Amino acid sequence: MLEPALLPTPLVDCAEEVFARAGVELRLKRDDLLHPSVPGNKWRKLAPNLAAAVEGGHRRLLTFGGAYSTHLRAVAAAAAALGLESVGLVRGEELAGRPRNWSLAAAERAGMRLEFLGRAEYREATGRAEAGDGGSWRRWEPCLVLPEGGSNALAVTGAAVIPAELPDLGGRDVVCCPVGTGGTLAGIAAGLPPGARALGVAVLRGGEGYLEAEVARLHRAAYGREFANWRIDHGHHGGGYGRVPAELAAFAAGFERRHGVPVELRYVAKLLAALADLTAVGAFPRGTRLTAVVTGLPDPV
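1. Section: the sheet that holds strand E2 (residues 25-29)
Strand pairing in a sheet relies on backbone hydrogen bonds, with the paired strands running either antiparallel or parallel.
So, step 1. Judged by pairing direction, the sheet is mixed, and its six strands sit side by side in the order E1-E2-E10-E7-E8-E9 without closing on themselves. In this open sheet, the two strands that pair with only one neighbour each are strand E1 (11-13) and strand E9 (230-233). The mean angle between the axes of side-by-side strands here comes to 25 degrees, regardless of whether they run parallel or antiparallel.
So, step 2. Where strand E7 (residues 173-179) lies against strand E10 (residues 289-293), four bridges are found, and the strand directions are parallel. Paired with valine 174 across the two strands is leucine 290, which belongs to E10.
So, step 3. Taken strand by strand, helix H8 (residues 210-223) contacts E7, strand E8 (197-202) and E9, and its axis lies near 150 degrees from that of E9.

What follows is the structure in structure tokens.
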């Protein structure tokens, strides 16, 4: 059985000099504390999909991810807790014969069957999944297919609950999150009251236009309409997905030291650094209140 989630997750004020000088408030939405085995935005996005899997009588989940995918580990843990089988299609056929890294090993320990695909085959498979079409996973059917990162219409409705846990949202509020596949940002934007806005910080390089189109697509899939209360910053990806420059690592270490909040490097550090940089150059009017959604935990040392 899946352990219950900590809801609502804690909301804590965060005093940082760069924000104070600019007259901007910063608070942290500690979704990293949400669940012991399915943390942060992974639980938000998976919960409605898991409910649909159980209600639909599915016995197997199939999904996609890279070598260090938090999503793969989360699906493996959740499936095991619910008595479901899980299959992970992993980007990188060269990984098949290598010793498992800690992330893939954790997914396998939870019972996930891993299959490794070449880059081109992986792109084709994930594209077919988004289109609702079958593909290289037909031998695993019947199964419920979850897209890469878990971002689909149901996932958006799961993330849309986040603003409801934030009191007194209004015109001075910007709710912020990192963006990988767009599902969490899409949900936050959809759940905001009038006047409040959402800001996503892209963690991958070269996503201009593509990520915006993905968020709009997810909005249409989940709600049959698009929303105009959000935007994505593309200037703080740190060189690309999974890349953590020394300057970013130093920022994260300093933030963690000052506030006692463990900072995940590939997503959360980029979000926090972006908010600090944007505040320093006057991107937010005085009186703005930023809520940074801490979407996950650091990798184990």
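2. Here we look at the side chain of glutamate 165
So, step 1. Here glutamate 165 lies in the loop between helix H6 (153-159) and E7.
So, step 2. Here the side chain of glutamate 165 touches arginine 44 through a polar contact of 2.9 Å, side chain to side chain.
So, step 3. Not counting the four nearest positions on each side in its chain, glutamate 165 is found in contact with Leu7, Pro8, Thr9, Lys29 and Arg44.

3. Here's the deal with the packing of helix H3 (residues 70-81) against helix H4 (residues 102-109)
So, step 1. Packing of H3 against H4 brings their axes to within 8 Å, and their N-to-C directions diverge by 15 degrees. The angle between the axes of H3 and H4 places the two elements in the roughly parallel class. In the packing of H3 onto H4, the handedness of the crossing is left-handed. Between H3 and H4, the contacting residues are Leu72, Arg73 and Ala76 on the first element and Trp102, Ser103, Leu104, Ala106 and Ala107 on the second.
So, step 2. Residues of the contact of H3 with H4, tallied by class, amount to six nonpolar, one polar and one charged.

4. So, the environment of leucine 169
So, step 1. Along the chain, leucine 169 turns up in the loop between H6 and E7.
So, step 2. Expressed as a C-alpha distance, the spacing of leucine 169 and leucine 192, which sit 23 residues apart in the sequence, is 7.8 Å.

About the thresholds
Residues numbered from 1 in each chain as written. Predicted model: local features only at pLDDT ≥ 70, side-chain atom pairs only at ≥ 80, totals over all residues. Heavy atoms only, no water. Pairing = 2+ DSSP bridges. Helix = DSSP H or I, 4+ residues; strand = E, 2+ residues; numbered from the N terminus. Axes fitted to C-alpha atoms, helices over the stretch in contact; angles between N-to-C directions. Contact = heavy atoms within 4.5 Å. Polar contact = N/O pair within 3.5 Å; in protein donor to acceptor, adjacent residues only side chain to side chain. Parallel < 35°, antiparallel > 145°, perpendicular 65-115°, else oblique. Left-handed = near helix turned anticlockwise from the far one by under 90°. Nonpolar A, V, L, I, M, F, W, Y, C, P; charged D, E, K, R; others polar.

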